[in-house]
Amino acid sequence: MSVKIKLFSSLREVLGESEIEFDLGTLDSAPGEADVATIKAALSKCGADWREALNQPNLVHALNHKVVYTQAIVSEGDELAFFPPMTGG
Amino acid sequence: MSVKIKLFSSLREVLGESEIEFDLGTLDSAPGEADVATIKAALSKCGADWREALNQPNLVHALNHKVVYTQAIVSEGDELAFFPPMTGG
Amino acid sequence: MSVALQAEAIDVAAEYARLEGGIPGAAVATFTGYVRASSDGHPVTGLELEHYPEMALKVLQELGREAESRFQLGRWRIVHRFGLLAVAETIVWVGAVADHRGQAISACEYMMDTLKTDAPFWKREQGPAGEQWVASRASDSERRARWQAREAQ
Amino acid sequence: MSVALQAEAIDVAAEYARLEGGIPGAAVATFTGYVRASSDGHPVTGLELEHYPEMALKVLQELGREAESRFQLGRWRIVHRFGLLAVAETIVWVGAVADHRGQAISACEYMMDTLKTDAPFWKREQGPAGEQWVASRASDSERRARWQAREAQ
């Protein structure tokens, strides 16, 4: 029941993690009903730094390498990434 | 009192000349009053092919390497060119 | 018709030769981005480019295919670097081959405008005062949005 | 910062290297035009480019300087060929260096759009059915006019 969470750029730096496993089974949501917002809320309980990093207004969420809104449903085996706005090119 | 007349592309081909000398003294205009239109009118008397070539509606006139209107005054030593629309690049 | 993510400097001449491929379209446009020596008035001595490799590859491949379809490209190529970059080094190269110049030039502009905001790369500038993440620019989002507005029409 | 009129094929890699000059701006855009194998549906086997040398040089130098001032270019270069050209050979190359990508890319588009209608070159196409002068295109005049409209605003 696990999801791979990836963190990039300032989020990776501030939180000191680039990748963690997240167990969907720890959520109250029924299977198939956990969305990005639910996971953000759960991770925000890991501490003030997590709460702050994950709730910055311009945070980008990518689910399986596609940018998504917080309503996107997250399933077992998915890869969910959080990062600030992109600055390549 | 002469002006160098240059012809390019289809004009050069049709008229069989790439460069001729034109004597401003042959014009009725007072010195300093001959314009491109006057010279076109004079050259149009050289024959039907000249009349037709110089009176095509999209003819371009360049005086001393700058595109000009037919009202531009032509002076001794000037270089006047006639050609169809440009098609480089 | 391909994307490269690489740590090495971009060999612009080799990329051009490969894009043109001996059978050029009538029109080939390219764009190369380099590391600036300053940013918003403060000096920059180098750049670290972090990226999300799997997503970057997917996003840039989709971008190239979208440009191909929008601008009827015969060929295209996107090369983006990651890792440590010195001032004046190449960061990104895009190239497009089309029948008409407007298509090739617009495709390069579209690819650049889109990858700036949509491809998962993050710049960290190094300077005398230390290191800092580069903030995204409103002007980049605006340039990106111009294409979306045209799409919606 | 210069113009070349030449009979020889354009060495795109050498032109790029010279333009970039080891001290690049942040943004370098280039455009290369090639001889097409067909024109308005009929096959083309080659092209003869007639030009008015003194005027072509002046027009292109003024065009480069105008682009430099309009788009705040650090460097620019325009290379145009004349004489006999085979299919798939280079005809024209323009390059622009600027601080920002929009400037470099727009400068290339502006230089191409303007030289198409303002530089004294005339194409004569060779094909199985003989030779013919290429007619100017309304679309080229329209692209040129877009820049004049922006200027007037």
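In the block above lies the structure referred to throughout.
Owing to the predicted nature of the structure, the values given are computational and were not obtained by experimental measurement.

Chemist: Even after reading the chapter, I still don't get the interface of chain D and chain B, so can you show me in this structure?
Modeler: Tallying the contact residues gives 26 residues for chain D and 20 residues for chain B. A combined buried area of about 1900 Å² lies between chain D and chain B, and 54% of that area is made up of carbon and sulfur atoms. It is D:Y52, D:M55 and D:W122 that lose the most area in chain D upon contact with chain B, and together they represent 34% of the buried surface on that side. Linking B:K66 and D:E62 is a salt bridge whose minimum nitrogen-to-oxygen distance equals 3.3 Å. Here chain D and chain B share 14 residue pairs in polar contact (both at pLDDT 80 or more) between them.

Chemist: For this particular structure, what's the right way to read the side chain of D:S106?
Modeler: Tracing the backbone shows D:S106 in helix α3 (residues 101-118). Owing to a relative accessible area of 17%, D:S106 belongs among the buried residues under this scheme. For D:S106, the contacting residues outside a window of four places in its chain are C:E109, D:F71 and D:W147.

Chemist: Can you walk me through the interface of chain C and chain D in this structure?
Modeler: A common way to express how large an interface is: the accessible area buried when the components associate. Taken together, the contact between chain C and chain D spans 30 residues of the former and 30 residues of the latter. Interface of chain C and chain D: buried area, both sides summed, is about 2500 Å²; carbon and sulfur atoms make up 54% of it. Area buried by chain C at its contact with chain D is led by C:Y34, C:R101 and C:I105, which between them contribute 30% of it. If you look at where chain C meets chain D, you find 4 salt bridges. Two residues, C:D140 and D:R101, come together in a salt bridge whose shortest N-O distance is 3.2 Å. In terms of residue count, helix α3 (residues 101-118) of chain C provides more of the side of chain C that touches chain D than any other element does, 9 residues in total.

Chemist: Just checking my understanding: could you explain the sheet that holds strand β2 (residues 27-34) of chain D for this structure?
Modeler: Strand pairing in a sheet relies on backbone hydrogen bonds, with the paired strands running either antiparallel or parallel. A sheet is described by the order of its strands in space; here 8 strands give the open sequence β1(C)-β6(C)-β8(C)-β2(C)-β2(D)-β8(D)-β6(D)-β1(D), paired in mixed fashion. If you trace the sheet from one side to the other, it starts and ends with β1 (2-6) of chain C together with β1 (2-6) of chain D, each paired once. Between one strand axis and the next, the sheet turns by 10° as a mean value, whatever way the strands run. Strand direction decides the pairing type here: strand β2 (residues 27-34) of chain C and β2(D), joined by 7 bridges, are antiparallel. What sits directly across from C:G33, in β2(D), is D:A27.

Quick notes on the rules
- Residues numbered from 1 in each chain as written.
- Chains lettered and ligands numbered in written order.
- Predicted model: local features only at pLDDT ≥ 70, side-chain atom pairs only at ≥ 80, totals over all residues.
- Heavy atoms only, no water.
- Contact = heavy atoms within 4.5 Å.
- Buried area = accessible area lost by both parts, 1.4 Å probe.
- Salt bridge = Lys/Arg side-chain N within 4 Å of Asp/Glu carboxyl O.
- Polar contact = N/O pair within 3.5 Å; in protein donor to acceptor, adjacent residues only side chain to side chain.
- Helix = DSSP H or I, 4+ residues; strand = E, 2+ residues; numbered from the N terminus.
- Buried < 20%, exposed > 50% of the residue type's maximum accessible area, 1.4 Å probe, protein only.
- Pairing = 2+ DSSP bridges.
- Axes fitted to C-alpha atoms, helices over the stretch in contact; angles between N-to-C directions.

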